[in-house]
Amino acid sequence: DTIEEQNPQDRFAFRRVRLGVKGDVGDNVFYRITIEFANPNSTEYRDIFFGIQKVPFFQKVQIGNQKRPYSLDQLNSSNANVFIERPFIADATQQDTRRIGIQSWSVTANQAWNWQYGIFNRENTQNDGRYLSDNYQLEAAGRLAGTVYYDKESGGRNYAHLGIAGSIGWTDEDGDPASNTARLRSRPEARSNKRWLDTGAISGSDNLYLLGLEGLYNMGPFQVAGEFMNVRVKRDPHPNVNFWGAYAYASYFLTGEHIPWSRKTGTLGTISPKRNLSKSRGALQAGVRYSYANFNSNDVLGGEGKSLAFGLNWWWNPNTRVQFNYIHGEIINRLVISHGNTSGAYDIIGTRFMIYF
């Protein structure tokens, strides 16, 4: 309750209410616009970009508000992820995922390798639609992903993936502290009011360096996946700080389905039950995930988080599913100004009903 500033209450809320349009202009230009209506007092945009295909060397180029090219769990659609919310380190390094920038998407002819890279503004502009500053707080980011094994004879039921991503960001250490993007923060892998892990704006930051490693193996209904991410912030005159986190999960379809894989983008696809709920029991998937993040380094005490999550997903048809999660976690040595160092354990039960199309 120290972190939430009150005794945490049970809640019922709309997590996502998104409407969007996408299409083509001619044979080489495309666009996408997605608006978020979950907060009726403040609509926000998500994807707003246009792109050009069939570009020599670059293949495809996107300009606008879009996902940056790192973290498998963030690049996956939330419609495909096994758990209701993303793990600590993926949430903290992306913080609402999308940023304004220009990005190239490329893939080899056999779809074994794909890579993305681009330049982005690090500030989240989704709620006001603009960035005002003479310090651009730019970020150069890229990802190389390989489908190192793909069994065509099984219809794509068996595959393996490896990926590496990195970025360098130039942060606004001399301007308004509230606009400094050198900050890592995350909710407790559930939709709380506050971020339970939070470094605050890291004073004196000059550059932020990120390295991410990811891997995934799928054999029919069984899948294991994990990521490691490290963030180093260079500061002057303060000592540099280093933060890191990782997660791993295993999932299994009790009804025999598998999670499809997109070799073009190196991300998970969405599920199609063998039989819809109207004809049978739909598709049932169980999963378990361990997640860890350490945002304590030198004089920065953003907290250390540990979490064990159990999940059950129930697909009624290809566009509807119900998710159940139980999470047991712990926050250690999180500095809260009014209370000093704060630690404690928590248990969360969550359910989500999703319709997507």
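Residues numbered from 1 in each chain as written. Predicted model: local features only at pLDDT ≥ 70, side-chain atom pairs only at ≥ 80, totals over all residues. Heavy atoms only, no water.

Engineer: Explanation requested: the overall build of the protein chain in the structure shown.
Structural biologist: Looking only at helices and strands, the protein chain has two helices and 19 strands in total. Computed over C-alpha atoms, the radius of gyration of the protein chain comes to 20 Å, within 12% of the 21 Å expected from 2.2 N^0.38 for 357 residues, which places it in the range of a compact globule. With the C-alpha coordinates aligned to their principal axes, the bounding extent of the protein chain is approximately 60 × 50 × 40 Å. Counting over 357 residues, the protein chain shows a buried share of 50%. Residue pairs in contact within the protein chain that sit at least 24 positions apart in sequence constitute 60% of those at least 6 positions apart. Accessible surface computed for the protein chain: about 17,100 Å², of which carbon and sulfur atoms make up 56%. With 39 positive and 34 negative side-chain charges, the protein chain shows a separation of 9 Å between the mean positions of the two kinds. (Helix = DSSP H or I, 4+ residues; strand = E, 2+ residues; numbered from the N terminus. Rg over C-alpha atoms; globule rule 2.2 N^0.38 Å. Buried < 20%, exposed > 50% of the residue type's maximum accessible area, 1.4 Å probe, protein only. Contact = heavy atoms within 4.5 Å. Areas by Shrake-Rupley, 256 points an atom, 1.4 Å probe, with all protein chains shown as cover. Lys, Arg positive; Asp, Glu negative; His and termini not counted. Charge placed at Lys NZ, Arg CZ, Asp CG, Glu CD.)

Engineer: I tried to follow the pairing of strand β2 (residues 29-36) on my own but got confused; where do I start?
Structural biologist: In regular strands, side chains alternate between the two faces of the sheet. In this sheet, β2 lies alongside strand β1 (residues 18-25) in antiparallel orientation, the contact comprising eight bridges. Looking at the pairing, Lys-22 lines up with Arg-32 of β2. In textbook terms, the turn of a hairpin is the stretch between consecutive antiparallel strands, and for β1 and β2 this stretch comprises three residues, one of which, Gly-26, has a positive phi near 70°. Inspection of the sheet shows β2 paired to strand β3 (residues 44-55) by seven bridges, in the antiparallel sense. Within β3, the residue paired with Phe-30 across the bridge is Gly-51. (Pairing = 2+ DSSP bridges.)

Engineer: I keep staring at the packing of aromatic side chains and nothing clicks. Help me out?
Structural biologist: The geometry of an aromatic ring pair comes down to the distance between the two centres and the angle between the two planes. This model, assessed by the stated rule, comprises 11 aromatic pairs. Measuring from centroid to centroid gives 6.3 Å for Phe-243 and Phe-295, while their planes differ by 85°, and the two rings are edge-to-face. A residue pair is termed long-range when its members are at least 10 positions apart, and Phe-243 in strand β13 (residues 241-253) and Phe-295 in strand β16 (residues 283-297) qualify at 52 residues. Here Phe-243 and Phe-295 have matching classes, each one buried. An aromatic cluster is defined as three or more aromatic residues linked by ring pairs; in this entry it consists of Phe-228, Trp-244 and Tyr-292. We note Lys-60 situated over the ring of Trp-105; from NZ or CZ to the ring centre the distance is 5.3 Å. When the ring centre of Tyr-150 is taken as reference, the NZ or CZ atom of Arg-263 above it lies at 4.1 Å. (Phe/Tyr/Trp six-rings, centres within 6.5 Å; stacked < 30°, edge-to-face > 60°. Lys NZ or Arg CZ within 6 Å of the ring centre and 35° of its normal.)

Engineer: Would you take a moment to explain the pattern of salt bridges for this structure?
Structural biologist: If you walk through the whole model with that rule in mind, you get 13 salt bridges. The residue Glu-139 makes a salt bridge to Arg-68 at a minimum N-O spacing of 2.9 Å. Pair noted here: Glu-139 is in strand β7 (residues 138-150) and Arg-68 is in the loop between β4 (59-67) and α1 (72-75), with a separation of 71 residues, a long-range link. Each member of the pair, Glu-139 as well as Arg-68, carries the same accessibility label: buried. Through salt bridges that share partners, Arg-15, Glu-85 and Arg-352 make up one connected network. (Salt bridge = Lys/Arg side-chain N within 4 Å of Asp/Glu carboxyl O.)

Engineer: What exactly am I supposed to notice about the nonpolar core here?
Structural biologist: Soluble globular proteins tend to pack their nonpolar side chains together in the buried interior. Within the largest apolar cluster, 46 residues are counted, with the highest numbers of intra-cluster contacts made by Leu-216, Phe-243, Tyr-249, Leu-268 and Phe-295. Of all the elements, β13 adds the most residues to this core, at five residues. Sequence-distant contacts of Leu-216, defined by excluding residues within four places in its chain, comprise Leu-72, Tyr-159, Ala-160, His-161, Gln-223, Val-224, Ala-225, Tyr-249, Trp-261 and Leu-268. (Core = buried A, V, L, I, M, F, W, Y, C linked by side-chain atoms within 4.5 Å.)

Engineer: Teacher, can you tell me more about the environment of Asp-24 here?
Structural biologist: Of note, Asp-24 is situated in strand β1. The exposed category is assigned to Asp-24, whose relative accessible area is 59%. Spatially, the C-alpha atoms of Asp-24 and Phe-50 are 9.4 Å apart, while their sequence positions differ by 26 residues. The residues touching Asp-24, leaving out its near neighbours within four places in the chain, are Val-29, Phe-30 and Tyr-31.

Engineer: Got a minute to help me understand the side chain of Arg-46 in this structure?
Structural biologist: Within the element layout of this structure, Arg-46 appears in strand β3. A relative accessible area of 11% places Arg-46 in the buried class. In this structure, Arg-46 is in contact with Arg-18, Thr-34, Glu-36, Asn-65, Arg-98 and Gln-126, ignoring residues within four places of it in sequence.

Engineer: Where do I start with the confidence of the model for the protein chain in this structure?
Structural biologist: Put simply, the protein chain has an average pLDDT of 92, and 95% of its residues get 70 or more. For the protein chain, per-element mean pLDDT is lowest for strand β19 (residues 340-355), which scores 88, and highest for β13, which scores 98. (pLDDT = per-residue confidence, 0-100.)

Engineer: Help me understand the pairing of strand β8 (residues 158-170) in this model?
Structural biologist: Where β7 lies against β8, 10 bridges are found, and the strand directions are antiparallel. Note that in β8 the partner of Arg-143 across the bridge is Ala-165.

Engineer: Would you mind going over the side chain of Asn-81 with me for this structure?
Structural biologist: By the element assignment, Asn-81 lies in the loop between α1 and α2 (88-94). The exposure class of Asn-81 is buried, given its relative accessible area of 5%. Here Asp-73 takes part through its backbone oxygen, which lies 3.0 Å from a polar atom of the side chain of Asn-81. (Polar contact = N/O pair within 3.5 Å; in protein donor to acceptor, adjacent residues only side chain to side chain.)

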